[in-house]
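Tertiary structure, described
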4 protein chains.
Amino acid sequence: MTSTVLVTGFEPFDGRDLNPSWEAVVRLAETWSGPLHTARLPCVFGAAIPTLQTAIEVYAPDLVVCVGQAGGRHTITPERVAINVDDARIPDNAGNQPVDVPVVADGPAAYFTRLPVKACVAELRSAGIPATVSQSAGTFVCNHVFYGLMHLIATRYPGLRGGFVHVPYAPEQVVDGTGPSMSIDMISRGLAIMLRTSLSTPVDVLLSDGALS
Amino acid sequence: MTSTVLVTGFEPFDGRDLNPSWEAVVRLAETWSGPLHTARLPCVFGAAIPTLQTAIEVYAPDLVVCVGQAGGRHTITPERVAINVDDARIPDNAGNQPVDVPVVADGPAAYFTRLPVKACVAELRSAGIPATVSQSAGTFVCNHVFYGLMHLIATRYPGLRGGFVHVPYAPEQVVDGTGPSMSIDMISRGLAIMLRTSLSTPVDVLLSDGALS
Amino acid sequence: MTSTVLVTGFEPFDGRDLNPSWEAVVRLAETWSGPLHTARLPCVFGAAIPTLQTAIEVYAPDLVVCVGQAGGRHTITPERVAINVDDARIPDNAGNQPVDVPVVADGPAAYFTRLPVKACVAELRSAGIPATVSQSAGTFVCNHVFYGLMHLIATRYPGLRGGFVHVPYAPEQVVDGTGPSMSIDMISRGLAIMLRTSLSTPVDVLLSDGALS
Amino acid sequence: MTSTVLVTGFEPFDGRDLNPSWEAVVRLAETWSGPLHTARLPCVFGAAIPTLQTAIEVYAPDLVVCVGQAGGRHTITPERVAINVDDARIPDNAGNQPVDVPVVADGPAAYFTRLPVKACVAELRSAGIPATVSQSAGTFVCNHVFYGLMHLIATRYPGLRGGFVHVPYAPEQVVDGTGPSMSIDMISRGLAIMLRTSLSTPVDVLLSDGALS
């Protein structure tokens, strides 16, 4: 029986023209063989989670991977943990800028991912794609959606597996050298590897990829 | 009534000769007027937390601030959240290198700090000292102690306030330019500001200092 | 009349398996329409320059572009200036480690490139490829070859145009996140743009791309 | 016979309130025992060099060290080479923004420093102060003054020794974490070490401190 997959990306934010997370998800959908659904989430606190939940309701996936842009990073970074706080350094696309508000009132402080992030990193590297586990998804809409997803899984969809991954800028976003980048093609291939690895790895491998600080 | 304070630093690790966290704590103790106790924690998974707990038992502090070295950072970084995982990129000082083991079996995924980190950052900056809130204390012994402290507070010392702060390398550790640094004198003055701010600020201020990713 | 081009890359060094400069030159040669010759230079002080000179003698090019790896950079960086010093932080591939020795005894302190580096950067960016002018080619074999090339032009081949460009790591060199990278495909397309721009731009454009320090 | 020293710093630029180069020079002058003169140079292309030259005429120094701010660096960086180009990424304090104009028409492409930069770096490190040789002083007013100084030495004051050193931001400039910093006290002590080392070291030591790229 083939597994159904839901992959989400984000609309552009912070005044940019594109978001590599969505571009890569579109590319991925063109090449993935099997039931795969996609959703483009608004970069808006509050609104992003219901959009995600609707997609989960409609598509009834076995696996959900949410993807977001992490400007400044140079590797694909599966996220380890979502924390229960919104703290926006810039306004979101609706002008909201929450500071130190919980994502879910009375929710736990954090949720760990339900993706085998160490196995994903190992497979990405084997394929020649730079990857590292990240210990923080930040406190903006990406972490907000990540926490929202894990809270939905914990409270409503106990059989669902899911998590979040951050990806670098696309080259065309940083032609003047503002930050490092990764081609949409490589990001898209990386996402496919993450999906395959997640579907085939029920229990994560033990592989050191922590941070000293 | 004057509050009693416990401040801890770490012994050197990773083959280094000094740890700026302990150097700064020693300097702080020489100048702080009021009841202040210090403890030097071993950089060892497992052993560090009992050492901390003993100091809490002996000194019965109102406030505990644990300090650690974050090589590569250039600001004083009060930590926002401790996560329930040990994942050691290098061995600790006893040769342990746990991978993806919980700090506390069956403990919650994370604890938020009980220090007013935004107020601390604001006061540090007002004093001319570079400071930012950090969203991750890593997965090595620093996060281990931070999580251990917050778990002790949650389960045994409900009235205790406490948290963790990372500090940069001291200049003498990186004379060849390996990374940025901050003088022990400035770190020590920064710790004093954090103590005073924590003692006088029961509820943290709302001040944006999050991260996009 | 079609111009003849010579493009050089380097062999791997510093214990690595590949050098993206040479990989990209090989890829470039497969797609360039017109007379293009390539040479793979040894990463050896002294020996690299005669190898380059022989290629110039044999192929009699109108344009020479030497390419090298700049680990840590995330853009294609045409170099502005070559300086008359060898100062090796690590041994070269023959075990030489010169310190503060001139490339050419009694040569001038520096030569500026004879490539239109500002026009190249503008065209690269227009094509969606991250690029910036670099003010220093270092003091290792890359700068050595760059200086050697410009000295040959100044003293023996006055009609020849030429210069140097540094390129980032290839992704497969840094899968564990050691540094940023750029795909060999993008580097190769970038080199083609640099060749076309150099051939069609006798006088460089005025475009700010300097450094404050 | 005691040597006379001239040390210069810059006025603030880029909209900032202070320039650590000048703050450190003022501090240095308070503690140096021996004939030391200082000059505060305008951050203006063209005007800065005559101001420097006037100071040389008036004070007749044996040694000139010009100091400038290098935002983003975390070490004291004696500069190895000045290049004959102005290329301003931002306007100077008079609104000038030259692009690819020589500092001195018909001047050589570059001048090497006449300071023993390797010996200076070694002595700074011995004193616990982070230091590295820099291969580029940029293309803004700092490099402009450096080149101007070396051209004056080459053409008018053949017995004069001199060079340039960049210093990090002061902590109070970057309290929000914009970049790394070094205390004015440490910068000032570092400058004193550079003066003493330069006066006592006629020929530089051989010590590897180059850059791969």
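This is a predicted model, so every value here is computed, not measured. (Residues numbered from 1 in each chain as written. Chains lettered and ligands numbered in written order. Predicted model: local features only at pLDDT ≥ 70, side-chain atom pairs only at ≥ 80, totals over all residues. Heavy atoms only, no water.)

**Topic: the relation of the copies chain B and chain D**
Selection rule: Our superposition of the copies is a least-squares fit, built on the C-alpha atoms of residues whose pLDDT is at least 70 in both. Contact definition: two residues touch when any of their heavy atoms are within 4.5 Å.
Superposition record for chain B on chain D: RMSD 0.0 Å, screw rotation 180 degrees, translation along axis 0.0 Å. Here the two chains are linked by the operation of a two-fold rotation axis. The rotation axis passes nearest to the C-alpha of B:Pro180 in chain B, at a distance of 3.0 Å. The overlap is high: 100% of the interface residues of chain B also sit at the interface in chain D, so the same surface is used on both sides.

**Some thoughts on the side chain of A:Ser188**
Residues and elements named next belong to chain A. Rules: Helix numbers and strand numbers start at the N terminus; a helix is a DSSP run of H or I with at least 4 residues, a strand a run of E with at least 2. Buried, partly exposed and exposed residues are distinguished by accessible area as a fraction of the type maximum, computed with a 1.4 Å probe on protein chains only: under 20%, between the cut-offs, and over 50%, respectively.
Looking at the secondary structure, you find Ser188 in helix H5 (residues 184–200). Looking at Ser188, the relative accessible area reads 5%, which means it is buried. Residues in contact with Ser188, not counting those within four places in the same chain, are Ala24, Arg27 and Leu28.

**A few points about the arrangement of the chains**
When C-alpha atoms are compared, chain B and chain C, though not in contact, are closest at a spacing of 13 Å. In this view chain A stays clear of chain D, with the nearest C-alpha atoms of the two still 13 Å from each other.

**Considerations on the interface of chain B and chain A**
Note the cut-off: Buried area: the sum, over both parts, of the accessible surface (1.4 Å probe) that disappears when the two are put together. By definition, a salt bridge exists where a carboxyl oxygen of Asp or Glu is found within 4 Å of a side-chain nitrogen of Lys or Arg.
Each partner contributes residues to the interface: chain B has 39 residues there, and chain A has 39 residues. Summing the contributions of chain B and of chain A, the shared interface buries around 2800 Å²; its carbon and sulfur component is 61%. Counting the surface chain B buries against chain A, the share from its top three residues, B:Arg89, B:Leu212 and B:Ser213, is 24%. The interface formed by chain B and chain A contains eight salt bridges. Across the pair A:Arg80 and B:Asp87 runs a salt bridge whose closest N-O atoms are separated by 2.6 Å. Sorting the residues of the side of chain B that touches chain A by element identifies strand E5 (81–83), strand E7 (99–101) and strand E8 (110–112) of chain B as the ones contributing at least two each. By residue number, the principal contributor to the side of chain B that touches chain A is E8(B), which donates three residues.

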